[in-house]
Amino acid sequence: MTKAELVAKIAEKNGTSKAQAEASMNAILDIIKDELAAGNKLTLTGFGTFSVSARKARTGRNPRTGAEIKIPACKVAQFKPGKVLKDAIK
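Residues numbered from 1 in each chain as written. Predicted model: local features only at pLDDT ≥ 70, side-chain atom pairs only at ≥ 80, totals over all residues. Heavy atoms only, no water.

Chemist: It is not clear to me how the layout of surface pockets should be interpreted in this structure. Could you clarify?
Modeler: Take a probe with the size of a water molecule and roll it over the atoms, and the empty space left behind shows itself. Here the largest pocket is characterised by a volume of approximately 240 Å³. Lining the largest pocket we find Leu6, Ile10, Ser24, Met25, Ile28, Leu29, Ile32, Leu44, Phe47 and Phe50. Within the residue set of the lining of the largest pocket, elements represented by two or more residues are α1 (3-14) and α2 (18-37). Sorting elements by how many residues they give to the lining of the largest pocket places α2 first, with 5 residues. Here the lining of the largest pocket is built from residues that sort into 9 nonpolar, 1 polar and no charged. (1 Å grid on protein atoms, 1.4 Å probe; cavity = no way out; pocket = protein on both sides within 12 Å on 5 of 7 lines; lining within 4 Å. Points joined across faces, edges and corners; volume = space filled by probe spheres on them. Helix = DSSP H or I, 4+ residues; strand = E, 2+ residues; numbered from the N terminus. Nonpolar A, V, L, I, M, F, W, Y, C, P; charged D, E, K, R; others polar.)

Below, the structure is given as structure tokens:
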């Protein structure tokens, strides 16, 4: 599903225009992004938890040449699904 398809479904389900649905979705995504950028955790009860974790620097291999490369430390976004979401998928 694409973002446009998701916006259309939100608009249909809530009985609003696509523009209103897209504005709401963009606001939600911006809030999630801002919270993660600040290093905070965001929990949507039943759905899941978004968090940030740190990866240590490590040595990897270039698959094409086989040469060792240094991979720098970085932060990555993580999502852990909640019980309701896990049960819905089963």
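Chemist: Can you help me understand the sheet that holds strand β5 (residues 74-81) in this one?
Modeler: Sheet strands associate in pairs through backbone hydrogen bonding, adopting either a parallel or an antiparallel arrangement. If you walk across this open sheet you meet the 3 strands as β1-β2-β5, and the pairing is antiparallel. Across the chains shown, the open sheet's two edge strands, defined by having one partner strand only, are β1 (42-44) and β5. Each neighbouring strand pair of the sheet contributes to a mean axis angle of 25 degrees, computed without reference to strand direction. Here 8 bridges tie strand β2 (residues 48-55) to β5, and the two strands are oriented antiparallel to one another. Paired with glycine 48 across the two strands is proline 81, which belongs to β5. Of the strands in this sheet, β1, β2 and β5 touch α2, which is tilted by about 35 degrees from β2. (Pairing = 2+ DSSP bridges. Axes fitted to C-alpha atoms, helices over the stretch in contact; angles between N-to-C directions. Contact = heavy atoms within 4.5 Å.)

Limitation: the analysis is restricted to geometry and does not speak to function.
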